[in-house]
Amino acid sequence: MKSILIVEDELTISRVLKAYLEKADFHVEQAFTGDEALQKFDAINPSLVLLDVMLPGQNGWSILQYIREKSACPVIMLTALGQINQKLNGLNQGADDYMTKPFIAEEVVARVKAVLRRSTQVMEADETKYFGSLKVDFVAHTVTLHGIELNFNPRELSLFLFLAQNQNQMFSREQLIENVWGMDYEGSDRAVDLAITRIRRTLQNWPVSEGEIRTYRGLGYKFCVYE
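Since the structure is predicted, the reported quantities are computational estimates derived from the model, not experimental observations.

## A short note on the packing of aromatic side chains
Stage number 1. Following the criterion strictly, the structure yields five aromatic pairs and no others.
Stage number 2. When the ring of F160 is compared with that of F223, the centres are 5.6 Å apart and the planes differ by 85 degrees; the resulting orientation is edge-to-face. Taken together, the residues span a long stretch of sequence, with F160 in helix α6 (residues 154–165) and F223 in strand β12 (residues 220–225) at a distance of 63 residues. For the pair formed by F160 and F223, the shared burial category is buried.

## Remarks on the packing of α6 against helix α8 (residues 190–202)
Stage number 1. At their nearest, the axes of α6 and α8 sit 10 Å apart, and the two run at 85 degrees to each other. Of the possible angle classes, the one that applies to α6 and α8 is roughly perpendicular. Two secondary-structure elements touch here, α6 through R155, E156, L159, F160 and L163 and α8 through A191, A195, I196, R198 and I199.
Stage number 2. Looking at side-chain class alone, the contact of α6 with α8 contains seven nonpolar, no polar and three charged residues.

## Details of the sheet that holds strand β8 (residues 142–145)
Stage number 1. The four strands lie next to each other as β6-β7-β8-β9, forming an open sheet whose pairing is antiparallel. Each end of this open sheet is capped by a strand with a single partner; those strands are β6 (128–131) and β9 (148–149).
Stage number 2. Bridge count between strand β7 (residues 134–137) and β8: four bridges; the pairing is antiparallel. Across the sheet, the residue bridging to V136 is V143, located in β8.
Stage number 3. Contacts between α6 and the sheet are confined to β6, β7 and β8, with β7 contributing the most and set at about 105 degrees to the helix.

## Examining α6
Stage number 1. Helix length check: α6, at 12 residues, gives a terminal C-alpha distance of 16 Å against a target of 16 Å (1.5 Å per residue), a fit within 8%.
Stage number 2. The element α6 is extensively covered by neighbouring structure, given that nine of its 12 residues are classed as buried.
Stage number 3. Those residues of α6 lying buried are R155, E156, L157, L159, F160, L161, F162, L163 and A164.
Stage number 4. If you check the start of α6, you find a side-chain oxygen 2.8 Å away from the backbone N of E156, and it comes from N153.

## Some words on the environment of C224
Stage number 1. With respect to the element layout, C224 can be found in strand β12.
Stage number 2. Residue C224 is classed as buried on the basis of its relative accessible area of 5%.
Stage number 3. Excluding residues within four positions of it along the chain, C224 makes contact with N168, W206, G211, E212, R214 and Y216.

## Focus: the pairing of β7
The side chains of a regular strand alternate, residue by residue, between the two faces of the sheet.
Stage number 1. Bridging between β6 and β7 involves four bridges; their strand directions are antiparallel. Its bridge partner being in β7, Y130 is matched across the sheet by K135.
Stage number 2. Connecting β7 to the antiparallel partner β8 that follows it, the hairpin turn spans four residues, and H141 within it adopts a positive phi of roughly 60 degrees.

## Quick look at the environment of F152
Stage number 1. Examined against the element boundaries, F152 turns out to sit in the loop between β9 and α6.
Stage number 2. For the pair F152 and T142, spaced 10 residues apart in the sequence, the C-alpha separation amounts to 9.1 Å.
Stage number 3. Those residues within four positions of F152 in sequence are excluded, and the remaining contacts are V143, L157, F160, I199, T202 and L203.

The rules behind these values
Residues numbered from 1 in each chain as written. Predicted model: local features only at pLDDT ≥ 70, side-chain atom pairs only at ≥ 80, totals over all residues. Heavy atoms only, no water. Phe/Tyr/Trp six-rings, centres within 6.5 Å; stacked < 30°, edge-to-face > 60°. Helix = DSSP H or I, 4+ residues; strand = E, 2+ residues; numbered from the N terminus. Buried < 20%, exposed > 50% of the residue type's maximum accessible area, 1.4 Å probe, protein only. Axes fitted to C-alpha atoms, helices over the stretch in contact; angles between N-to-C directions. Parallel < 35°, antiparallel > 145°, perpendicular 65-115°, else oblique. Contact = heavy atoms within 4.5 Å. Nonpolar A, V, L, I, M, F, W, Y, C, P; charged D, E, K, R; others polar. Pairing = 2+ DSSP bridges. Expected span 1.5 Å × (residues − 1). Polar contact = N/O pair within 3.5 Å; in protein donor to acceptor, adjacent residues only side chain to side chain.

This is how it looks when you write it as structure tokens:
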């Protein structure tokens, strides 16, 4: 049974989410302050965290940073802050999804299942793949080129890992947003183009003879590997 840690200081919301998640056959733990969240995260090693931003003690951003420093555990942010810059802030810091209050409990359960499904697909993938001089570790979420670790922001890394796991397959912008970021995107799908541009810049020393991310105009992108 997968375990969910709900970090939410509003008792009513936490109780409702707990009831719906337990009905969906999840084991649920609750934390109501930032400090309690850190203690419970270390104690139970949850399968996923539902994380409110505004909390007594440490806020959700600092908790997210703590989780990302030690774990790839999926995190869905829960907050009343609906501005797009707040959503992008959470996603860029490594959140897997973002939901704005008020929300429907059934939708939260659906998002939890979707994020866990994507996470499981990555964990069940080959642990490490080599593309010439490029090494991709899908468990540690690291990419090294010529033995040197490359630096991606979390959003770009999740996109690159998906493409690398599905090499030589083409995906449209819409498919990449749905399969990788898993969010109700409020903006242009050109964000994918920007992320691809930055990924290419990070991979600029990867020999083209070994592989590349190719653009198919009007269709999408493909991580091409040349044997």
